[in-house]
Amino acid sequence: MMEPAQIHSEISTAPEAVDGFMVTATDGVKLRVGVWQTTKECLGTVLFFPGRGDYIELYGHPVAAFVDAGYNAVVIDWRGHGLSDRIAPNPKMGHVNSFSEYQLDVQALMTCVDELQLPRPLYLVGHSMGACIALRSLMDGLAIEAAAFSAPMFGIYMAPYERIAAWPLTWGLQAIGKGQMYAPGFNDKSYVFRHDFGDNTLTNSKPEYDRWIMQGTKCPDLHTGGPSMGWLYAALKECAALDKLPSPDIPCLTFCGNQEETVRVGSIRSRMANWPKGHLEQVLNAKHELFLELPEVRENVIRQIIAFFQSPLSSKA
């Protein structure tokens with residue numbers, strides 16, 4: 001069952017003509033979905049899988065570009081994000097017990113796509129955590145034509161000593177029921193309210209950083225605070241599990257900034273080097289949030305994705 005949901009178009013760069021829905025996962029969690037339909041001859045539907053801490057309104061630039069290019073666009077707020085149900089007693093905390101919970105969100109999203117009878121073929125754009133979720137979905141048989149990943153979370157960027165400590169610490173806290181504690185260095189504030197622009201590792205674009213802050217100021221419920229220890233354990237566990245599995249037989253174009261400090265670049269290179277229909281592009285002068293980067297960087301990435309979707313087997317792979 002789908003219910004209407006609000007999309008804050010007034011603070012986004014996405015087209016104003018949007019339909020918002022609340023859909024319900026099989027475990028009862030309500031999830032917000034935004035749907036844009038192109039007015040041009042439709043070439044298919046692009047599914048956006050956002051990163052941790054992201055939300056529908058943040059994806060205005062790529063949504064606008066895809067709609068203008070003749071695609072429908074669909075973006076989901078994961079559980080614990082945006083205006084979807086918050087999972088932890090502290091609604092600001094980003095928490096799941098297992099990444100399998102996100103697959104329930106994917107199933108609910110696909111039910112929404114089917115009920116709306118959105119045109120095929122389906123394409124997928126996954127950013128950071130969303131790319132990790134997408135990789136699992138593709139391995140489990142999600143039927144799409146091609147995928148594009150931005151700074152995929154195939155591993156988490158950590159210093160060696162942090163990685164050594166993270167596994168036993170997060171496992172132990174989860175085991176004794178203390179998983180809903182913030183990971184070290186995090187609190188209720190979202191990233192842009194914890195870091196000044198000059199200290200940020202996400203984007204070189206001050207206007208985009210300021211827009212992110214503006215959205216969180218005008219609509220505080222859109223922002224999510226730091227991850228829990230339980231989320232960190234679940235993320236480490238999922239990345240390790242996926243690393244052991246072969247890549248799906250689907251064309252995939254992946255982008256990674258040369259200033260990346262959020263996800264583990266070595267894990268991205270390893271995965272894409274062994275993806276038969278995959279191709280990795282390094283993006284110069286770019287940090288983690290490629291869709292919120294300087295205009296010339298952001299627009300070049302989006303152009304390449306659109307071209308790839310129009311000819312996924314010949315463009316790159």
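To be clear, the structure that these remarks concern was listed above.
Let me begin by describing the structure that accompanies this report. Everything numeric here is computed off the predicted structure, so don't read it as measured data. (Residues numbered from 1 in each chain as written. Predicted model: local features only at pLDDT ≥ 70, side-chain atom pairs only at ≥ 80, totals over all residues. Heavy atoms only, no water.)

**Quick word on empty space enclosed by the protein**
And then number 1: The full count for this structure, using the stated rule, is 2 cavities of 30 Å³ or more.
And then number 2: If you add up the space inside the largest cavity, you get close to 70 Å³.
And then number 3: What lines the largest cavity is Cys-132, Leu-135, Met-153, Phe-154, Cys-239, Leu-242, Asp-243, Ser-267 and Arg-271.
And then number 4: Sort the elements by how many residues they give to the lining of the largest cavity and helix H7 (residues 229–243) lands first, with 3 residues.
And then number 5: Of the residues in the lining of the largest cavity, the class split is 6 nonpolar, 1 polar and 2 charged.
And then number 6: Along its surface, the second largest cavity is lined by Ser-12, Thr-13, Glu-57, Leu-58, Gly-60, His-61, Glu-208, Arg-211, Gln-215 and Leu-292.
And then number 7: Mapped onto the lining of the second largest cavity, the elements with two or more residues apiece are helix H1 (60–69) and helix H6 (206–218).
And then number 8: Per element, the largest residue contribution to the lining of the second largest cavity is 3 residues, and it comes from H6.
And then number 9: Of the residues belonging to the lining of the second largest cavity, the class tally is 2 nonpolar, 5 polar and 3 charged. (1 Å grid on protein atoms, 1.4 Å probe; cavity = no way out; pocket = protein on both sides within 12 Å on 5 of 7 lines; lining within 4 Å. Points joined across faces, edges and corners; volume = space filled by probe spheres on them. Helix = DSSP H or I, 4+ residues; strand = E, 2+ residues; numbered from the N terminus. Nonpolar A, V, L, I, M, F, W, Y, C, P; charged D, E, K, R; others polar.)

**Remarks on the sheet that holds strand S3 (residues 30–36)**
And then number 1: Spatially, the 9 strands line up as an open sheet ordered S1-S2-S3-S5-S4-S6-S7-S8-S9, and their pairing is mixed. Edge positions in the open sheet fall to strand S1 (3–4) and strand S9 (278–283), since each of these has one partner strand only.
And then number 2: Both strand S4 (residues 45–49) and strand S6 (residues 122–127) contribute to a ladder of 5 bridges, which runs parallel. Bridged to Leu-47 within S6 is Leu-124. (Pairing = 2+ DSSP bridges.)

**A few points about H1**
Because the α-helix completes a turn every 3.6 residues, residues three or four places apart line up on one side.
And then number 1: Every buried residue of H1 is listed here: Gly-60, His-61, Pro-62, Val-63, Phe-66 and Val-67.
And then number 2: Once H1 finishes, Gly-70 follows within two positions and takes phi at roughly 105 degrees, a positive value. (Buried < 20%, exposed > 50% of the residue type's maximum accessible area, 1.4 Å probe, protein only.)

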